[in-house]
Structures are given as structure tokens and as C-alpha cells.
Amino acid sequence: MKTIIHNSWQEMLEDEFNQPYYSELREFLKTEYASQVIYPDMYHIYSALELTPYEEVKVVILGQDPYHGPNQAHGLSFSVQPGIKTPPSLVNIYKELQDDLGYTPASHGFLESWAKQGVLLLNAVLTVRAGQAYSHRGQGWEKLTDAVIQKLNEREKPIVFILWGKPAQEKSRMIDTSKHVIITAPHPSPLSAHRGFFGSKPFSKTNDALLALGEEPINWQLPETVS
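Residues numbered from 1 in each chain as written. Predicted model: local features only at pLDDT ≥ 70, side-chain atom pairs only at ≥ 80, totals over all residues. Heavy atoms only, no water.

J.: How should I be thinking about the overall build of the protein in this particular structure?
T.: Counting its regular elements, the protein contains eight helices and six strands. Walking the protein from its N terminus toward its C terminus, one meets helices and strands in the order α-α-β-α-β-α-α-β-β-α-β-α-β-α. Its C-alpha radius of gyration of 17 Å places the protein within 12% of the 17 Å reference for a compact globule of 227 residues. For the protein, the spread of C-alpha atoms along the three principal axes comes to 45 × 40 × 35 Å. For the protein, contacts bridging at least 24 residues in sequence account for 67% of all contacts bridging at least 6. For the protein, the accessible surface area stands at approximately 10600 Å², while carbon and sulfur atoms represent 51% of it. The protein carries 20 positive and 26 negative side-chain charges, and their two centres are separated by 5 Å. (Helix = DSSP H or I, 4+ residues; strand = E, 2+ residues; numbered from the N terminus. Rg over C-alpha atoms; globule rule 2.2 N^0.38 Å. Contact = heavy atoms within 4.5 Å. Areas by Shrake-Rupley, 256 points an atom, 1.4 Å probe, with all protein chains shown as cover. Lys, Arg positive; Asp, Glu negative; His and termini not counted. Charge placed at Lys NZ, Arg CZ, Asp CG, Glu CD.)

J.: Explain the sheet that holds strand S3 (residues 119-123) to me, please; I cannot follow it from the model alone.
T.: Two strands in a sheet stick together by hydrogen bonds in their backbones, pointing the same way (parallel) or opposite ways (antiparallel). Judged by pairing direction, the sheet is parallel, and its four strands sit side by side in the order S3-S2-S5-S6 without closing on themselves. The sheet is open, and its two edges are formed by S3 and strand S6 (181-185), each paired on a single side. Adjacent strand axes in the sheet meet at a mean angle of 20 degrees, parallel and antiparallel pairs treated alike. Strand contacts of helix H8 (residues 202-212): strand S2 (59-63), strand S5 (160-164) and S6, with the helix running at about 160 degrees to S5, the strand carrying the most contacts. (Pairing = 2+ DSSP bridges. Axes fitted to C-alpha atoms, helices over the stretch in contact; angles between N-to-C directions.)

J.: Looking at this structure, how should I read helix H6 (residues 141-154)?
T.: Given 3.6 residues per turn, any residue in an α-helix points the same way as the ones three and four places further on. Relative to the 20 Å expected for 14 residues at 1.5 Å per residue, H6 spans 20 Å between its end C-alpha atoms, a close match to the ideal helical length. Those residues of H6 not exposed but buried are Trp141, Leu144, Thr145, Asp146, Ala147, Val148, Ile149, Leu152 and Asn153. Where H6 is buried, its residues meet helix H1 (8-17), helix H2 (20-35), helix H3 (47-51), S2, S3 and S5. (Expected span 1.5 Å × (residues − 1). Buried < 20%, exposed > 50% of the residue type's maximum accessible area, 1.4 Å probe, protein only.)

J.: What's the story with the packing of aromatic side chains in this structure? I'm lost.
T.: When we look at a pair of aromatic rings, we describe it by the centre distance and by the angle of the planes. Inspection of every chain in the model, using the stated rule, returns 11 aromatic pairs. Judged by centre distance (5.6 Å) and plane angle (75 degrees), the ring pair of Phe78 and Trp164 falls under edge-to-face. On the criterion of sequence distance, the pair formed by Phe78 in the loop between S2 and helix H4 (88-101) and Trp164 in strand S5 is long-range, its members being 86 residues apart. Of the two residues examined, Phe78 and Trp164, each falls in the buried class. Ring plane angle 70 degrees and centroid distance 6.5 Å describe the contact between Trp164 and Phe203, whose orientation is recorded as edge-to-face. With Trp164 in strand S5 and Phe203 in helix H8, the pair connects residues that are 39 residues apart, well separated along the chain. (Phe/Tyr/Trp six-rings, centres within 6.5 Å; stacked < 30°, edge-to-face > 60°.)

J.: For this particular structure, what's the right way to read the environment of Ala106?
T.: Positionally, Ala106 belongs in the loop between H4 and helix H5 (112-115). Sequence spacing of Ala106 and Gln221 is 115 residues, and the spatial spacing of their C-alpha atoms is 8.1 Å. Sequence-distant contacts of Ala106, that is, excluding residues within four places in its chain, are made with Tyr94, Leu222 and Glu224.

J.: How should I be thinking about unusual backbone geometry in this particular structure?
T.: Working note: non-glycine residues mostly have negative phi, and peptide bonds are mostly trans. In this chain, Tyr39 is followed by Pro40 through a cis amide linkage whose omega measures -10 degrees. Here Pro40 is to be found in the loop between strand S1 (38-39) and H3. Despite not being glycine, Asn71 shows a phi value in the positive range, around 60 degrees. The topology assignment puts Asn71 in the loop between S2 and H4. Unlike most non-glycine residues, Phe78 shows phi in positive territory, near 70 degrees.

J.: Just checking my understanding: could you explain the nonpolar core for this structure?
T.: The tendency in soluble globular proteins is for nonpolar side chains to be buried as a group. Trp9, Tyr46, Ile61, Trp114, Leu120 and Leu152 are the most contacted members of the largest nonpolar core, which totals 68 residues. If we ignore the near neighbours within four places in the chain, the residues touching Trp114 are Ile61, Ile93, Leu97, Val119, Leu121, Phe203, Asn219, Trp220 and Leu222. (Core = buried A, V, L, I, M, F, W, Y, C linked by side-chain atoms within 4.5 Å.)

J.: Would you take a moment to explain the packing of H1 against H6 for this structure?
T.: The relative placement of two packed helices comes down to the angle between their axes together with the axis-to-axis distance. Running from N to C, H1 and H6 cross one another at 135 degrees; their axes reach a closest spacing of 10 Å. Relative to H6, the element H1 lies oblique. Between H1 and H6 lies a crossing whose hand is right-handed. Between H1 and H6, the contacting residues are Trp9, Met12, Leu13, Glu16 and Phe17 on the first element and Lys143, Leu144, Ala147, Val148, Lys151 and Leu152 on the second. Of the residues belonging to the contact of H1 with H6, the class tally is eight nonpolar, no polar and three charged. (Parallel < 35°, antiparallel > 145°, perpendicular 65-115°, else oblique. Left-handed = near helix turned anticlockwise from the far one by under 90°. Nonpolar A, V, L, I, M, F, W, Y, C, P; charged D, E, K, R; others polar.)

In C-alpha cells:
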């Protein structure tokens, strides 16, 4: 079996990679990448899992599918590549972060420093056609990301799950709340942020939960310079 993810996630998801649905997903993606513009580029599909190994996950922020504009998506939910304009949902996340913890919004939208601290920035669907939101839904990605959530749920060490919006909150059925912590709010998109995302204080709630679990809190302040 070819190595797909270069850390503990490879072994955790080995069974999934051997399933018929994953073979079908691979064939679908080969055709899509050969014939369409697909985001992120194929080398960044698994960036979230590469940057945050299974045993290092402290927090999960679940998105829906990658950004579908040029050069935005790079495999981390809500994050964009350095030099790309911060998208509206992330602008709202930064507003809430400032309101919650007083942190000045970064001038970029690159969230890698969160991922390296144990924040798994996972989308439910990991690829998308340019300009066509949710165009790769129902092709098998949901089964794989369900497996990721289930594997995390099985872990002894508790995790904080941040679920924004209905699609993310549907995954809560797989999470044992007697062990793990779930923080929910409406999605930060401009369409729904005013329905309760603003004022939900997810960052301080997450750090309070981590401290209560005896874990180091996350430093949510993003570095201004991006390597």
C-alpha cells in the first residue's frame, strides 16, 4: 500500500484506503484533476492530517469543503495561502477572535500555526472544482472524514470539537460527549454569522476546556509573518 499520509494517520486510516469506495474516489479524482481545475492542488489534499498527527490533535475545527477560488485552498479548513485575500468567513472568525480574546486580526488568512499546535483544520469534503462549491460532495470524501472523526472519538485523550453550521454539527452523532467536548455555533459565513456565531466565544471556551482537561491552551494569536 502506497503511503498517502506521512504520519500516524496512515496507519489509522489504512483500512479506509483499502475500501472499494476509496478506490472509486481515487479514480474519480484522477479524471477530475486531468480534465478540470480542482482545488487544492493534489499535493495539499491531506495537509490537515499531515500537519496534525493523530496523537497530537487537541481541537478539531470542521469545515464543509475547500474554497473554490484561485490559489485559496491549501488543505486546511477556513485557511488560505499566504498573499491571498482573507475570505469573508475567515474575516468573521477573526472578528469573533478579537471580540473573544482581544487579538488583532492577522493581515493574512494562513492558519498553519493553529494546525501545528494541535488544531485539526478538517473539511468534510477535501476537494472541489474551481468556482463550484460542494461539487465533490457524495463522491466518498464524507465516508473518509467520518472515519477520521470516529478514530478521534475512540481516543482516550479528550478532544474539543468546534462544529460551526449544520453540516458540521451532523457529525456530533459520532462523538461521545461523556469523554469529549463539543462547542457549536452557526457557520461564520456572512449569511449566518449574525444568527449566533458572533458572541459565541469559541476560542476562550476551547482554551477553558483544554485547561480543565490538563492540556496546554492554544495560542490563537496568528504570527504576522508567514514563512
